[in-house]
Amino acid sequence: MYISSSRAVAHPASGSAPARSRASVAPNVLALGSVSLVTDISSEMITAVLPMYLIYTLGLNPLQFGALNGMYFGVTALVRLAGGHAADRRRRRKLVAGVGYGLSALCKLGLLAAGSSVPLLGAVIAADRTGKGLRTAPRDALISLSSTPETLGRSFGVHRALDTTGAFLGPLAAFGLLLVAPDRYDTVFVASFCVAAFAVLMLVLLVRDRRQALDAAEPASLRGALGLLLLPGFRRVCLGAALLGAVTLSDSFVYLLLQQRLAIAAGYFPLLPLGTAAGYLLLAVPLGRVADRLGRLRVFLGGYGALLGAYLLLFGPLGGVALLAVTLVLHGLFYAATDGVLMAAVGPMLPEQLRASGMALVQTGQAVAALGSSVLFGAAWTRWGLHPAVALALAALVAAVLAALWILPLRDEGRRP
């Protein structure tokens, strides 16, 4: 698929799931999904309360929050390539992912130590995102290498569904803790650390590395990883994904927009991600199967159509419960159609010995674009107000979707690896 070298095709004989599992999901994928479930409970406990903590407790304005939120994405861009390359070079994908999970767990206590110091909070957020950047590409490479080419969409859908179950439970846990102890964010931070530490233990005990199939392969190199951009199909996917990432508002901004539009009480803010998580959870596996049948890049681009609908609602006159429910469902549909589906699309384009590095290239482009998007939207909101900023974001997304129709190799979707 989009490549000439037969080495780039993932075969079930050695590096993938056995033939009897072709129609099912490999145990290693389920183990990785379980680790992600527990990790996301921890992460989303923080994500659910952090915007309100930074803006209403510490008094940051939208531009300052946009800069910190942009760091949330930008730092991952600096380390995703390093994490992917280290995992491929040393053939220790589980080890590199474990280091990332462990670092992020420690940062939950770092938030507690940082107190109200914005520079220290920025440093802790940077360290936490370093952990995420290190673990994401090795984890996705393990999912890809543990699956057959025919079931990649399903495997990533199952993983993302488990991951999103954690994203659903995390805000509930944070809400419950703050309900018992109002404004005690330190309680949320400590509980989040304990959950994250348990996830690291699960990774050590349950997940198997995929090293045997690569014993005779050429060692991975940074030049080889960057050389993947010479593959026309893969290069076009990288460009299209980065362009769309540049016009995507962060989750925190979407929830803040809803909170301001509907005057939602601060105590209920941690519950807003539940709508997104519910939509994602229900649709991740079905859309993964649809992507395997109809084309993964087509489903990926369709997800941005759902996001466009959510932005239109935020910009339009609709209000009340209808605005809240439909916007969050569309937001969840966007994630179900894009997150794992994109990794499933690029997996067969990449050689096994460079699978993590190639996935990191795509993720890095998205992370750099998200950094710029967050900072620019925060600046627009601060300078011109909420309504003009959302209108600008909507126009940019329309232009990016139209451009992606031309950039992405949609016509080649019929070719199978």
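Residues numbered from 1 in each chain as written. Predicted model: local features only at pLDDT ≥ 70, side-chain atom pairs only at ≥ 80, totals over all residues. Heavy atoms only, no water.

**Brief notes about a nonpolar patch on the surface**
Quick reminder of the rule: For patches, a residue must show more than 30% relative accessible area and have no salt bridge; joins then use 9 Å for like charges and 5 Å for nonpolar side chains, namely Val, Leu, Ile, Met, Phe, Trp and Tyr. The protein chains shown are the only cover counted for residues, whose accessible areas, like all others here, come from Shrake-Rupley with a 1.4 Å probe. We define a salt bridge as a side-chain nitrogen of Lys or Arg found within 4 Å of a carboxyl oxygen belonging to Asp or Glu. Strands are runs of DSSP state E lasting at least two residues, helices are runs of H or I lasting at least four, and both sets are numbered from the N terminus onward. Partly exposed describes any residue whose relative accessible area lies between the buried limit of under 20% and the exposed limit of over 50%, with all areas from a 1.4 Å probe on protein chains only and scaled to the type maximum.
A cluster of nonpolar side chains, contributed by Phe198, Leu201, Val204, Leu205 and Leu206, occupies part of the molecular surface with about 510 Å² of accessible area. When you line up the elements, Leu205 lands in helix α6 (residues 185-206). Owing to a relative accessible area of 62%, Leu205 belongs among the exposed residues under this scheme.

**Overview of the nonpolar core**
Cut-off, in case you're wondering: In these notes, a set of buried Ala, Val, Leu, Ile, Met, Phe, Trp, Tyr and Cys residues joined through side-chain atoms within 4.5 Å is what counts as a nonpolar core. Contacts between residues were defined by any pair of non-hydrogen atoms, one from each residue, lying within 4.5 Å.
Ranked by size, the top nonpolar core spans 110 residues in total, and within it Phe234, Val346 and Phe377 carry the most contacts. A total of 15 residues in this core trace back to one element, the largest contributor, which is helix α1 (residues 27-57). If we skip the residues at most four places from it in the chain, Val346 touches Phe234, Val237, Met359 and Val362.

**With respect to the packing of aromatic side chains**
How we decide: Paired rings are identified among Phe, Tyr and Trp, the last through its six-membered ring, by centres lying within 6.5 Å, and are further divided according to the angle between planes into stacked (under 30 degrees), edge-to-face (over 60) and tilted (the rest).
All chains considered together, the criterion is met by seven aromatic pairs. Between Phe253 and Trp381, the ring centres sit 6.0 Å apart and the planes meet at 55 degrees, which makes this aromatic pair tilted. On the criterion of sequence distance, the pair formed by Phe253 in helix α9 (residues 251-262) and Trp381 in helix α13 (residues 355-384) is long-range, its members being 128 residues apart. The same class applies to Phe253 as to Trp381, namely buried. Taken together, the ring pairs connect Tyr280, Phe300, Tyr304, Phe334 and Tyr335 into an aromatic cluster.

**A few points about the layout of surface pockets**
Filter applied, for reference: Only protein atoms enter the calculation, which uses a 1 Å grid: trapped sets of points that fit a 1.4 Å probe without letting it out are cavities, open sets showing protein on both sides within 12 Å along at least five of seven lines are pockets, and any residue with an atom within 4 Å of a point is a lining residue. Grid points are joined across faces, edges and corners, and a volume is the space filled by probe spheres set on the points. For this scheme, ten residues count as nonpolar: Ala, Val, Leu, Ile, Met, Phe, Trp, Tyr, Cys and Pro. Four count as charged, namely Asp, Glu, Lys and Arg, and the remainder, Gly too, count as polar.
Taken as a whole, the largest pocket encloses approximately 250 Å³ of empty space. Around the largest pocket, the lining is made up of 14 residues, and of these Leu178, Asp183, Ala266, Gly267 and Tyr268 lie nearest the centre. When contributions to the lining of the largest pocket are tallied by element, the ones reaching two or more residues are α1 and α5 (152-180). Ranked by residues supplied to the lining of the largest pocket, first place goes to α1 with four residues. For the lining of the largest pocket, the per-class residue count stands at eleven nonpolar, two polar and one charged. Along the wall of the second largest pocket there are 14 residues; nearest its centre are Ser373, Leu376, Phe377, Leu392 and Ala393. Mapped onto the lining of the second largest pocket, the elements with two or more residues apiece are α13 and α14 (386-407). Its residues assigned to classes, the lining of the second largest pocket comprises twelve nonpolar, two polar and no charged.

**Regarding α9**
Residues spaced three or four apart along an α-helix face the same direction, because each turn holds 3.6 residues. As a reminder of what qualifies: Expected helix span is taken as 1.5 Å per residue step, with the number of steps being one fewer than the number of residues.
For α9, with twelve residues, the first-to-last C-alpha span of 17 Å sits near the 16 Å given by 1.5 Å per residue. If you check which residues of α9 are buried, you get Ser252, Phe253, Val254, Tyr255, Leu256, Leu257, Leu258 and Gln259. One or two positions beyond α9, positive phi appears at Ala263, with a value near 55 degrees.

**What about the UniProt feature "transmembrane region" (unreviewed entry) in the protein chain?**
For the record, the criterion: UniProt positions are given in the numbering used here, feature names are shortened, and annotations may be inferred rather than shown by experiment.
As annotated by UniProt and renumbered to match this structure, "transmembrane region" (unreviewed entry) occupies residues 62-83, 187-207, 237-258, 264-285, 297-315, 321-346, 358-380 and 386-408. Secondary structure over residues 321-346 splits into 100% helix and 0% strand, and the C-alpha atoms at its two ends are 38 Å apart.

**A look at the packing of α5 against helix α10 (residues 273-294)**
Think of two packed helices as two axes; the pair is described by the angle between the axes and how far apart they sit. Stated precisely, the cut-off is as follows: To get an axis, a line is fitted to the C-alpha atoms, and for a helix only the part in contact is used. The angle between two axes follows their N-to-C directions and goes from 0 to 180 degrees. The cut-offs work like this: below 35 degrees is roughly parallel, past 145 is roughly antiparallel, 65 to 115 is roughly perpendicular, and the gaps in between are oblique.
One way to put it is that α5 packs onto α10 with a least axis distance of 8 Å and a crossing angle of 175 degrees. Taken as axis vectors, α5 and α10 run roughly antiparallel relative to one another. A breakdown of the residues in the contact of α5 with α10 according to their chemical character gives 15 nonpolar, five polar and four charged.

**Things to note about the side chain of Thr148**
Basically, it comes down to this: Whenever two N or O atoms come within 3.5 Å, that pair is a polar contact, provided that in protein one can donate a hydrogen and the other can accept it, and provided that, for residues adjacent in sequence, both atoms are side-chain atoms.
Mapped onto the fold, Thr148 is located in the loop between α4 (118-145) and α5. Among the residues examined, Thr148 registers a relative accessible area of 1% and is labelled buried. Here the side chain of Thr148 touches Thr151 through a polar contact of 2.7 Å, side chain to side chain.

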